[in-house]
Amino acid sequence: MIMGFVRERYPRLRTCCYCARKVVTKQISRMVSLTGRLICDRLLSPSAGPACAKIQPRYLRRHILRSIDIHAHSHPQCFLRAVNAGQDWHGLTGDSDEADVDPKEEWTPDQRITDMDSSGIDVQVVSTTANFYQYHREVATALAIAKECNDEVHQMTMDYPDRFKGFATLPMQDPKTAISELDRAMRQLGLVGAMIDDSVNGKTYDEPEFLPFWKAAEQMGALIFIHQGSPTVVEARIDEYHLPNTIGNLADRTITFASFVFGGVMDKCPDLKICLAHGGGYSCFGIGRMDRGWQVRSEARANIQQPPSAYLSKFYYDCLTHSEPALRMLIDSVGVERVVLGTDWPFDMGIDWPVSWVQGLTSLTQVEKDAILWQNLELLLGI
């Protein structure tokens, strides 16, 4: 019975969700299904492996290990339905770049949940794919797109309230309209914040026109997740070897961190909640040079009275570094309470087995792993 259940519901699972223990086909029947996911049978055994043994007491106490993913995308099905039927959708068609989708992006919520179960993810904070920022469009068109996308994410959270929370997408080319839609998304739709690009048509977020938005987001308690669109700053220099993504995403995030800090935004909005995707880019690695600039150059001190390093712990960061030493440096630089789980689902640059990856990191304590996997976001988002 267990074997049949496993093959039907978890055809892709080959490792324990928590200790990364390799499980071959003949061993799958020895897996145990609890709380809607599969775990290594060692978790409940006196002979538990090292990773499972550490979490065993807490697992037995609560009967669950939560994992909350802040970095999970969704291609709007309203768009796909329209273009697959040969229809125009707010000026976008089947020939638009937005129609080039990963097969997983066409999955139903039920299929998505099955994949979440197989990788040990309890909750996704769903964000509409960055292709639909549409900051270059007329404000009215961008707002119409944002509303449809946000309504769709809201419906996911209503249909599966224990599995999905949501980020809004916003027409950031008009801060007043963006404030209005963020207010609707949070007050009427129950979303927890918004995902936005690193810049808006070449403008960085230290520009005075965006300050009313930051004030409003701070007052609403919105979490603003910053994730690049396309192109990144690297693309103009070299558009080969996937570098606009592998380097460009991180370069964009570092510029965003610097614009918030040097522009004085974090001082003007001390309770603003900003989460930087992809571990904040190169911000932690390059903070020493930013501090040096602040020390020796008057223009770097124009808006801030403290060195840039003093602001590292004012941001949140996802753990998507693809490197244990890099994640360790991030934790040591900003504090583990500022680091959260992010997978970049469903794209190939994400983490294949995110919970297993975090649980398998030998330089992190179990307290740090729990904080990253669920505790920080549970507190931050109130879920």
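The preceding data block contains the structure.
Residues numbered from 1 in each chain as written. Predicted model: local features only at pLDDT ≥ 70, side-chain atom pairs only at ≥ 80, totals over all residues. Heavy atoms only, no water.

## As for the side chain of Asp252
At step 1: The residue Asp252 is located in helix α9 (residues 248–262) in this model.
At step 2: Buried Asp252, no salt bridge; nearest opposite-charge side chain is Arg253, N-O distance 5.4 Å.
At step 3: Those residues within four positions of Asp252 in sequence are excluded, and the remaining contacts are Asp198, Gln228, Pro231, Thr232 and Val233. (Helix = DSSP H or I, 4+ residues; strand = E, 2+ residues; numbered from the N terminus. Buried < 20%, exposed > 50% of the residue type's maximum accessible area, 1.4 Å probe, protein only. Lys, Arg positive; Asp, Glu negative; His and termini not counted. Salt bridge = Lys/Arg side-chain N within 4 Å of Asp/Glu carboxyl O. Contact = heavy atoms within 4.5 Å.)

## Quick word on the packing of aromatic side chains
At step 1: Within this structure, the stated rule accounts for 14 aromatic pairs.
At step 2: With centroids separated by 5.7 Å and ring planes inclined at 5 degrees, the aromatic side chains of Phe167 and Phe225 adopt a geometry described as stacked. Taken together, the residues span a long stretch of sequence, with Phe167 in strand β5 (residues 164–168) and Phe225 in strand β7 (residues 223–226) at a distance of 58 residues.
At step 3: With a relative accessible area of 0%, Phe167 lands in the buried category.
At step 4: Pairing Phe260 with Phe315 gives two aromatic rings, centres 6.1 Å apart and planes at 75 degrees, and the pair type is edge-to-face. Placement of the pair is Phe260 in helix α9 and Phe315 in the loop between α11 (283–296) and β9 (316–318), with a sequence separation of 55 residues.
At step 5: On the basis of relative accessible area, Phe260 is assigned to the buried category, the value being 0%. (Phe/Tyr/Trp six-rings, centres within 6.5 Å; stacked < 30°, edge-to-face > 60°.)

## Regarding the environment of Leu312
At step 1: Within the element layout of this structure, Leu312 appears in the loop between α11 and β9.
At step 2: Those residues in contact with Leu312 that sit more than four places away from it in its chain are Phe257, Cys284, Ile287, Tyr317, Ser333 and Val334.

## Section: the sheet that holds strand β4 (residues 123–128)
The strands making up a sheet associate through backbone hydrogen bonding, with each pair oriented either parallel or antiparallel.
At step 1: Judged by pairing direction, the sheet is parallel, and its eight strands sit side by side in the order β3-β4-β5-β6-β7-β8-β9-β10 without closing on themselves. Strand pairing shows two members of the sheet lacking a second neighbour, β3 (68–74) and β10 (339–340), which therefore form its edges.
At step 2: The pairing of strand β6 (residues 193–196) with β7 spans four bridges and is parallel. Its bridge partner being in β7, Gly193 is matched across the sheet by Leu223. (Pairing = 2+ DSSP bridges.)

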